[in-house]
Structures are given as C-alpha cells and as structure tokens.
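Secondary and tertiary structure notes
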Amino acid sequence: MEQNNDRAADPDQPGQPAVSRAIAANVRAARTAHGWSLDALAARSGLSKGALVGVEQGRGNPGVLTLARIADALGLPLTGLVDATPAPLVEVVPAGGGTRLWQGEHGGHGDLLIGSDPPVSAELWRWTLAPGDAHVSAAHGVGVRELVTVLDGTLTLDVAGDRVEVPAGACARFAADRAHTYRNDGSGTARFIGVVLLPGRADPT
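Here the structure is a predicted model, which means the values were calculated and not measured.

This paragraph deals with the sheet that holds strand β9 (residues 180-183). By definition, the strands of a sheet pair up through backbone hydrogen bonds, in either a parallel or an antiparallel sense. Pairing is antiparallel across the open sheet formed by four strands, whose spatial order is β4-β9-β6-β7. Edge positions in the open sheet fall to β4 (134-137) and β7 (162-167), since each of these has one partner strand only. Pairwise comparison of adjacent strand axes, ignoring direction, gives a mean angle of 15° for this sheet. Of the strand pairs in this sheet, strand β6 (residues 154-159) and β9 are connected by four bridges, and their pairing is antiparallel. Opposite T156, over in β9, you have R183 as the bridge partner.

Phi angles above zero are rare outside glycine, and A160 is one such case at about 50°. Within the secondary structure, A160 sits in the loop between β6 and β7. Among the residues examined, A160 registers a relative accessible area of 53% and is labelled exposed.

Turning our attention to the packing of helix α2 (residues 38-45) against helix α3 (residues 49-56). For any two helices packed against each other, one specifies the crossing angle of their axes together with the interaxial distance. Contact pair α2 / α3: the axes reach a minimum separation of 9 Å and the direction vectors enclose 110°. In terms of orientation, α2 and α3 fall into the roughly perpendicular class. Our pair here, α2 against α3, has a crossing hand that is right-handed. Where α2 approaches α3, its residues L38, D39, L41, A42 and S45 are matched on the opposing element by K49, L52, V53 and E56.

Residue position: S137 is located in strand β4. Ignoring anything within four residues of it in the chain, the contact list for S137 reads A179 and H180.

This paragraph deals with the sheet that holds strand β10 (residues 190-198). Taken in spatial order, the six strands of this open sheet run β1-β2-β3-β10-β5-β8, and their pairing is antiparallel. Bordering the open sheet on either side are β1 (99-103) and β8 (171-175), each of which pairs with just one other strand. On average, each strand axis in the sheet is inclined to that of its neighbour by 25°, with strand direction left out of account. Sheet topology places strand β5 (residues 145-152) next to β8; five bridges connect them, and they run antiparallel. Across the sheet, residue L147 finds its bridge partner in β8, namely R173.

Our next topic: the packing of α2 against helix α4 (residues 64-74). Following both chains from N to C, one finds α2 and α4 inclined at 105°, their axes separated by 9 Å at the closest point. With respect to their mutual orientation, α2 and α4 come out roughly perpendicular. Here L41, R44 and S45 of α2 lie close against α4, whose contacting residues are R69, I70, A73 and L74. For the contact of α2 with α4, the class distribution of residues is four nonpolar, one polar and two charged.

What counts and what doesn't
Residues numbered from 1 in each chain as written. Predicted model: local features only at pLDDT ≥ 70, side-chain atom pairs only at ≥ 80, totals over all residues. Heavy atoms only, no water. Pairing = 2+ DSSP bridges. Helix = DSSP H or I, 4+ residues; strand = E, 2+ residues; numbered from the N terminus. Axes fitted to C-alpha atoms, helices over the stretch in contact; angles between N-to-C directions. Buried < 20%, exposed > 50% of the residue type's maximum accessible area, 1.4 Å probe, protein only. Parallel < 35°, antiparallel > 145°, perpendicular 65-115°, else oblique. Left-handed = near helix turned anticlockwise from the far one by under 90°. Contact = heavy atoms within 4.5 Å. Nonpolar A, V, L, I, M, F, W, Y, C, P; charged D, E, K, R; others polar.

What follows is the structure in structure tokens.
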C-alpha cells in the first residue's frame with residue numbers, strides 16, 4: 001500500500017453543484033481507502049495529477065471519459081463517483097431522474113440513471129441523440145461490455161471501425177474495451193437505453 005502524502009482542498013464549498021461535490025468527495029474517499037497518493041491514481045488512470053486535483057476540489061465539469069478512467073482505476077462503476085448517498089436496499093429513480101454526464105452539440109444528451117456496486121457492477125444509461133449528434137468514447141477497461149436497445153430512430157454504432165445501424169426495436173451487444181462511437185446519421189431523434197457491464201476487479205493495491 002502506498003503512503004498518501006497529498007490531499008486536495010476540501011470540496012464541500014458553497015456554490016459548487018451537488019454532482020461536483022459528490023464526485024469530489026467520492027474520488028477522494030476511494031483514493032484514500034486504497035492508500036494512494038494523487039500521483040499513484042494519476043499513474044493508474046492515465047490522467048494528470050493536476051486534472052485529479054481539479055476533480056477532488058470540485059472544479060469544472062469533468063467529462064464522461066475522465067470519470068470513466070478514474071472509476072476504472074478505482075474499481076468502481078461511474079455511479080460510485082456521482083452518487084451523493086449510499087444506495088438503499090431498493091432504489092427508485094423517478095421519470096426524468098439520473099445524472100446528465102454528456103451534452104451533444106445538437107441537443108442530445110446522455111444520462112446515467114442508476115448502477116450497481118461491486119462485485120456485480122453495471123450502469124444503466126438513457127441516451128438521446130439529435131440528428132448529427134455523436135458521442136465518441138475511448139476504449140473502456142479490459143473486459144467491459146455494453147448492451148443497447150433502441151427505442152426511437154436509428155442508432156449508428158461504430159466499434160473499432162466496424163459500423164452497424166441499429167433501428168428502433170432492435171438491440172446490440174459489443175466490446176466496449178475498444179474505441180466506439182454512438183452517432184445519429186438520420187433526420188429524426190434517436191433514443192436508446194444502454195447498459196455498461198463491468199467485470200469484477202481485484203483490488204490493485
């Protein structure tokens with residue numbers, strides 16, 4: 001276990017969005033639980049120490065890729081970073097709920113609805129892509145898989161250069177440990193539900 005010699009500033013400051021405060025507190029708590037320094041988490045996540053300091057101080061609005069790298073390094077689902085309170089025995093997310101983690105250039109958005117904790121980790125997402133919207137994602141951790149089911153419109157899915165169209169009513173499964181893109185090449189709005197399946201990870205300390 002590595003000695004943790006550095007500490008980001010207290011993120012619980014007035015004026016910060018609740019999601020930013022939750023992310024800051026959860027990342028710092030998980031890092032501390034591992035006994036890692038910021039340098040150690042930076043090495044494991046591939047992010048700079050400065051970027052991690054910003055996250056732990058609740059500054060800015062970290063993107064999905066940044067959060068995914070941190071969560072993967074810590075062995076947590078994304079919900080483990082954005083949830084402000086421990087999950088109850090039964091949790092209901094109301095219609096319109098969830099955490100918006102992506103906003104498209106043409107009005108689309110991606111909402112992280114709910115997730116499960118290790119050892120069976122999964123994330124449930126709701127996506128809306130306006131015509132022309134695209135969400136580009138780098139490869140996730142080894143063994144991560146995604147499932148999607150399209151509700152409206154047609155989703156164009158590109159996985160490591162393999163491009164397929166998934167129409168309304170259809171579903172797809174793919175290896176998310178490859179670079180992948182969700183795109184709407186049609187003239188109408190595309191809506192779909194995605195599930196990210198995260199393999200169990202041993203504590204990397």
